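Each chain, letter by letter, is given below.
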Amino acid sequence: MTGFIKKYYWLAVAGLSVLIVCLPFLMAGSEPVASSSALDRPAEFLKIRKPHLDHSAFFDSAFSSGPAVTQACLKCHENAAHEIMQTTHWTWESDSLEVDWRKGKFVLGKKNGFNNFCLNIGGNWQKCNSCHIGYGWKDKSFDFKNPSLVDCLVCHDNSGSYLKGNAGLPAEGSDLLAAAKSVGLPTRENCGACHFNGGGGNAVKHGDLDQTLRNPTEDLDVHMGRHKMECIDCHGGEHHNIIGKSMSVSVDRNNRARCTDCHSESPHTVERLNTHGKAIACQTCHIPEVARKEATKTHWDWSQAGQDREDVEHHYMKMKGEFIYQTNLVPEYAWYNETSKMYIKGDSIAAEGVTLINQPLGDIADSSAKIWPFKVHRAKQPYDKVYRYLLPPKTVDGYWEHYDWKRALQDGADIAGLKFSGEFGFAETEMSWPLSHMVTPKQKALSCTDCHSPNGRMDWQALGYNGDPMRTRGRLEQ
Amino acid sequence: MRLLQLIIFLLWISATFSSEPYMHPKILWKDSNGVLVSGDSRNISLKQSCGSCHDLDYIKGHNTHQKYGIGQNCLLCHTANPSVQAYMAGAHTNQFEAGLAIPPESLLENLKITTPRSENCGACHSGVDYNKGMVAGPTQGDGRKFISYLQSGKLWSPEKISESALNIVGKSNLNHSWDIHAERGLQCSDCHNTSNSPGAYREADQSRPEHLVRDPRKLPIREYLHRPDHRLMMSDAEPGLISDCTSCHDQQHKGVWSDRSDVHFKKLSCQACHVAEIHSPVAAKVSEVYPGAEARVDYRNLNSEGMLEAFSPPLLKRRIQKNGDENEFVWTPYNVFTKEFWVHGETAKKINLYDLQKHAAGLEDTLQIKKALEVAGFNNPRIIKQLNAVAINHNVTVGKLALADCAACHSPDSRILNPLRVSSVGAAVPELAEDGRIVWDGQFMQTDSGLVWAPGDQGGDLYLFGAERVPLADLLGLFMILAVLAGVLVHGGLRIYFRIKMGPSSIPAKRKEHYMYGVYERFWHWLQAMMILILLATGLEIHWPDSINLFGFARAVNVHSFTGILLALNAFLALFYHLASGEIKQFIPEPRGFLSRVIAQQVYYIKGIFWVAPHPFEKRMERKLNPMQQVAYLVLLNILLPVQVITGFMMWKYELVAPFMNGMGGLEFLAAIHTLCTWMFAAFILMHIYLVTTGDKILDFMKAMITGWEPEQKHDDPKER
């Protein structure tokens, strides 16, 4: 052993000298070490999915109907329909819950809710429910317990040969067999089939969701453009329960998809930008404008419907009234703590001014609230002059046939279980849509003077500040 | 439909404007007789109107803009959306006293008095673009306006360069704003504030007791508003009115000790690195000699395809006030350009483009223009050519885009030392429009490509590593290396020749081995050897960064400094070892008979070595060095090494020795000595490595220094006999 040491101790000495010589190099090395955290470099940690199992060999004969396809699916995926039937994609309603502004328990959701686009689905199921994830919801009698009515294809068809029509039934010309053979994970096309067309057409409703996102450039949406992300990359979830919330149908902050699911809470190299994150949603700077290519609807005046004027796309339709559409829409900004208030059937409209169909909650004093960008949709829609609540007209096979408001409102009120006095007017309403898509590359995000300048885009006083917080005081100091 | 849109638009507009509260009390507009101005056409008097609250005499006496004649028009700077053309018409008259005819009654009612905004400044100072619009070229304004933009390329705008309307090479990658301060929402008046504004008041660290964060005893707002000192804070203002980067930024917290930030902060202005490149058009020559709507401009950074290239501003020496010392300098970016224009009269008053256009429109010949001007009543019109230098203080980039490229200065292409093409202006060197702060250390030269500013040798003040060298030191060193190389080649060649001639070696394959070098000796030897090689390599890169690229300049400098310190440390420890162990004796020649021993060794190298004669001295562990080695190491360890370490250290911390060294050739002198010693070291190493091969077998000595055991050498030691 000592012989061994004697023979090789010089190696240790040599190693020591090399170490000493390396010291200056180590000390002089100033390259910052790249963070290994996925939160700091989310693009490098994007989920890579295995190719979906090829289903083309499983089916060989044509399907007679949508439910027939579903039954075939359920032979292997026994739980799938059951899972879907627990989700709001199927029920179109929330759990029964208490709200702050009215006594009692209420079931919210698309099924019972009001909006200021097509107003209400009651009585209009034929058309509205072409986006329901089931087959044949055309009236109140729809069987929500029947698993074979679940539409698997609308989300899983990867062939592009499937389309839904009235009451959610396969549209004429859909190739059910080709669709069944092609099934895979939902793509932007699948989700977009409904969500890009909310409000009855491309880009109408959201402003930040439209057909251009099927194949966007990176300038339009950095996630879907540069990184080719699919909707389900952010709106994942298990057992068919998709993550995500829309303020048009929900009021709570559960089960939300957030930027911070992938990104760090303080992702900027500049300290000031990170402190901005305490009062400002990421979206506020990173979504400078929406409806960047396709115009979105910002105003809808139902009171002008029924006139024998020429229909002009994006401006007037006899069936629906007057519209304003805008491209490159600059959002409006409001405090939002991710909970909201919502107009519930039977609520009184505002005594004066505008009735808010939904309203982001939070203000400058609420530390959980941040300034968010919203698309605000303003409308004039029918209400009962005596009972002072909004009325849901029956439009499909109703007003759009006979153009008689009284009759349509009476029919609608009957279906909704509301009393109608016979006297109606048109109330001004507003609906807010928080924006989270069309995230622009960081170079094109807002910079300081977009907000902090005499002609900046924030209305500081409306937000509760004394003035521009850069010049006066921010929330942290107050 | 349209109406609805209009209403919404108007609502939006009113909402936007209501966000800025209007503070100024209602003004009673009066005429010069103090009578309230009503619907008739009487002029308003600022003295009677503004002067009823503000001390206009004080403002008049304390006013940066006074000399330009506009200092007496309150409304020009203090109203939103100033109508410059309208106000300029009467700009040169004494407006405080006389009436101001412009605003009609309806306008007066709505006139909002504000703090000057960037728009107000931008109305005259071109290149100020507060809104994020598309920044276009400088030729859009009228002839008077755009010069201040071109003379330094100043574009004070929050707009990203990539979004601008200018044609710039590589624009799409320039995803940063024209000026970071504009981007971050500053207004001109945030830096160029009135000098007694209590809002901008910040007590100097020197006068503020350490326990105080803020002294509340400021000028009360009421008194300030009565007598606002309109001398605006500027970087080149008189002492007490200076605002520069350090007015807001604390440079103490920047940089680490290893990056030489101390030296750079002392020698360079902030702008030197933070105005790295200018992408807007910059003038080389501005000519207002020919009539026209605009001046004629030669651009510095416009290429043949009409695209703007990045202009890397040269650094000129600028006198600064620092701790009361008038003679401090920094190198800071400038644009140097020539101006030519007509003047008249004994006072050489400038004839502006408007007058030129009015009296000499269409003329291209200067003689004809001169005649036309004379006819128009100008006395002795003549052209003045002027050389101007404008300090570049705007176009500041965000920190991460600041100049972090050592080669910008430390290379032959140095921003400090490189000649600058000033202008293509005619033969004579124009007169210098003096900026009292520039130290013109160098000379102007006429070359084929025009007038060139050639920075002089900055003497001991500056030795820019990588950009400057002392040719004599390099020449001597190179000669030394070549001489040693030649000697080694001749000597080695002869040895090989004789070995071949003599046939097979007479040295037995198996020889007795003596333990020659202890562990520690070998350890420090090899450590020193490696460090010297690293120092040579990094030193060469610092010396010639453009042709040698091993580690990168910054890394080379740091590695060189650290390794130098380690080498000195290792040498010191070795000295301690040799002293403590008594081994030092080996290095000290015994005086008696020393000369004859040296001769014996020389004779061996000249003759004996070729036929493998016995070494004249026996090499033993307690007496390893032959007489010539003793001499060599005596010189190396007592002269060369200390000189190298000491000059190296002095250059590393030059600030410490500057007062002492400045009279002795300064940094340049140190560098010359250091370079020369480097060559000597290199020559020594060459020789040293060659002599390692002079054992009986070529690798004998090498083996000894690695394993410690040396095969016995044939020797003919007189001491043994």
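From a predicted model like this one, the values you see are computed outputs, not experimental measurements.

## Remarks on the overall build of chain A
Helix and strand counts for chain A stand at 16 helices and 11 strands. For chain A, long-range pairs separated by at least 24 residues make up 69% of all intrachain contacts whose partners lie at least 6 apart in sequence. Put simply, chain A shows about 24,300 Å² of open surface, and 53% of that area lies on carbon and sulfur atoms. Here chain A contributes 53 positive and 57 negative side-chain charges, whose respective centroids are spaced 3 Å apart.

## A few points about the overall build of chain B
Secondary structure summary: chain B contains 24 helices and 12 strands in total. Here chain B holds 721 residues, and the buried ones make up 44% of them. Considering only contacts within chain B whose residues lie at least 6 apart along the sequence, 70% involve residues at least 24 apart. Counting every atom, chain B has about 37,800 Å² of accessible surface; 62% of that belongs to carbon and sulfur.

## Considering the side chain of Asn303(B)
Residues and elements named next belong to chain B. Within the element layout of this structure, Asn303 appears in the loop between strand E2 (296-299) and strand E3 (315-322). You can call Asn303 buried: its relative accessible area is 19%. Here the side chain of Asn303 touches Glu309 through a polar contact of 3.2 Å, side chain to side chain. Contact partners of Asn303, with chain neighbours within four places excluded, come to Val169 and Glu309.

## Quick notes on helix H17 (residues 471-502) of chain B
All names here are of chain B. Compared with an ideal rise of 1.5 Å per residue, which puts 32 residues at 46 Å, H17 spans 46 Å between its outermost C-alpha atoms and is within 8% of the ideal. Residues of H17 that are buried include every one of Ala473, Asp474, Gly477, Ile481, Val484, Val488, His491, Gly492 and Arg495, and no others. Summarising the contacts, the buried residues of H17 are in contact with helix H18 (519-543), helix H20 (594-606) and helix H23 (666-692).

## Here we look at the packing of aromatic side chains
All names here are of chain B. The tally for this structure, following the rule as stated, stands at 39 aromatic pairs over all chains. Between Tyr497 and Phe498, the ring centres sit 5.4 Å apart and the planes meet at 70 degrees, which makes this aromatic pair edge-to-face. We classify Tyr497 as partly exposed; its relative accessible area is 46%. Exposure remark for Phe498: the relative accessible area of 24% places this residue in the partly exposed category. Pairing Tyr520 with Tyr577 gives two aromatic rings, centres 4.7 Å apart and planes at 50 degrees, and the pair type is tilted.

## What to know about the sheet that holds strand E7 (residues 420-423) of chain B
All names here are of chain B. Pairing is antiparallel in the open sheet, where 3 strands are placed in the order E7-E10-E9. The open sheet has two edge strands, E7 and strand E9 (442-447), and neither has a second partner. On average, each strand axis in the sheet is tilted by 35 degrees relative to the strand beside it, whichever way the strands run. In terms of strand pairing, E9 meets strand E10 (residues 450-455) through 6 bridges, oriented antiparallel. Residue pairing across strands places Gln443 opposite Ala454, the latter belonging to E10.

## A short note on the environment of Gln71(A)
Residue and element names in this part refer to chain A. Along the chain, Gln71 turns up in helix H2 (residues 66-76). Classification of Gln71 as partly exposed rests on a relative accessible area of 45%. Separated by 81 residues in sequence, Gln71 and Cys152 have C-alpha atoms that sit 9.8 Å apart.

## Details of the pattern of salt bridges
Once their charged atoms are close, side chains differing in charge can pair, the charge on each being opposite to the other. Across all of its chains, the model carries 28 salt bridges over all chains by this definition. The partner of Asp151(A) in a salt bridge is Lys164(A), with the nearest N and O atoms 2.7 Å apart. Note that Asp151(A) is positioned in the loop between helix H5 (125-128) and helix H6 (153-156) and Lys164(A) in the loop between H6 and helix H7 (176-181), a separation of 13 residues in sequence. Taken as a pair, Asp151(A) and Lys164(A) share a single burial class, namely buried. As a salt-bridge pair, Glu364(B) and Arg296(B) come within 2.6 Å of each other at their nearest N and O atoms. Highlighted residues: Glu364(B) in the loop between helix H15 (353-360) and helix H16 (366-375) and Arg296(B) in strand E2, separated in sequence by 68 residues.

## Section: helix H14 (residues 405-416) of chain A
Residues and elements named next belong to chain A. Taking 1.5 Å as the rise per residue, H14 with 12 residues should run 16 Å; its terminal C-alpha atoms sit 16 Å apart, in good agreement. Those residues of H14 that sit buried are Trp405, Ala408, Leu409, Gly412, Ala413 and Ala416. Across the axial projection of H14, the buried residues extend over an arc of 130 degrees, all falling on one side. The inward-facing, buried residues of H14 abut strand E10 (370-384), helix H13 (395-402) and strand E11 (424-434). Its side-chain oxygen placed 3.1 Å from the backbone nitrogen of Lys406, Asp404 serves as the N-cap of H14. Phi for Gly417, located one or two positions after H14, is positive at around 80 degrees.

## Some remarks on empty space enclosed by the protein
One water molecule sets the probe size; rolling that probe over the atoms shows where empty space is left. Residues and elements named next belong to chain B. In this structure the tally under the stated criterion is 3 cavities of 30 Å³ or more. Computed from the structure, the second largest cavity encloses a volume of approximately 40 Å³. For the second largest cavity, the full set of lining residues is Arg495, Arg499, Tyr604, Ile609, Val612, Thr694, Gly695 and Asp696.

## With respect to the nonpolar core
All names here are of chain A. Phe117, Trp300, Trp302, Leu390, Tyr399 and Trp405 are the most contacted members of the largest nonpolar core, which has 31 residues in total. If you list the elements that add at least two residues to this core, you get strand E5 (321-326), E10, H13, H14 and E11. The element best represented in this core is H14, accounting for 5 residues. Discounting chain neighbours no more than four positions away, the residues touching Trp300 are Asn116, Phe117, Cys118, Lys320, Glu322, Phe323, His377, Arg378, Ala379 and Lys380. Counting residues in each nonpolar core, the second largest holds 30 residues, with Phe59, Leu74, Trp125 and Val183 among its members.

## Overview of unusual backbone geometry
In the Ramachandran plot, Trp92(A) falls in the positive-phi region, its phi being about 55 degrees despite a non-glycine side chain. Tracing the sequence through the fold places Trp92(A) in the loop between helix H4 (88-91) and strand E1 (96-99).

## Description of a nonpolar patch on the surface
A cluster of nonpolar side chains, contributed by Phe4(A), Ile5(A), Tyr8(A), Trp10(A), Leu11(A), Ile698(B), Leu699(B), Met702(B) and Ile706(B), occupies part of the molecular surface with about 870 Å² of accessible area. Among the secondary structure elements, those contributing two or more residues to the nonpolar patch are helix H1 (2-28) of chain A together with helix H24 (700-707) of chain B. Looking at the nonpolar patch element by element, the count peaks at 5 residues for H1(A). Tracing the chain through its elements places Ile5(A) in helix H1. For Ile5(A), a relative accessible area of 48% translates into the label partly exposed.

## What to know about the confidence of the model for chain B
All names here are of chain B. Mean pLDDT for chain B: 81, with 84% of residues reaching 70 or above. Scored below 50 in pLDDT, residues 9-19 makes 6 contacts in the model with residues more than four places away or belonging to other chains. Counted against residues more than four places away or in other chains, residues 140-145, with its pLDDT under 50, gives 13 contacts. Note on the complex model: pTM 0.81, ipTM 0.78.

Scoring rules and cut-offs
Residues numbered from 1 in each chain as written. Chains lettered and ligands numbered in written order. Predicted model: local features only at pLDDT ≥ 70, side-chain atom pairs only at ≥ 80, totals over all residues. Heavy atoms only, no water. Helix = DSSP H or I, 4+ residues; strand = E, 2+ residues; numbered from the N terminus. Contact = heavy atoms within 4.5 Å. Areas by Shrake-Rupley, 256 points an atom, 1.4 Å probe, with all protein chains shown as cover. Lys, Arg positive; Asp, Glu negative; His and termini not counted. Charge placed at Lys NZ, Arg CZ, Asp CG, Glu CD. Buried < 20%, exposed > 50% of the residue type's maximum accessible area, 1.4 Å probe, protein only. Polar contact = N/O pair within 3.5 Å; in protein donor to acceptor, adjacent residues only side chain to side chain. Expected span 1.5 Å × (residues − 1). Phe/Tyr/Trp six-rings, centres within 6.5 Å; stacked < 30°, edge-to-face > 60°. Pairing = 2+ DSSP bridges. Axes fitted to C-alpha atoms, helices over the stretch in contact; angles between N-to-C directions. Salt bridge = Lys/Arg side-chain N within 4 Å of Asp/Glu carboxyl O. Arc of directions from axis to C-beta. 1 Å grid on protein atoms, 1.4 Å probe; cavity = no way out; pocket = protein on both sides within 12 Å on 5 of 7 lines; lining within 4 Å. Points joined across faces, edges and corners; volume = space filled by probe spheres on them. Core = buried A, V, L, I, M, F, W, Y, C linked by side-chain atoms within 4.5 Å. Patch = residues over 30% accessible without salt bridge, like charges linked within 9 Å, V, L, I, M, F, W, Y side chains within 5 Å. pLDDT = per-residue confidence, 0-100.

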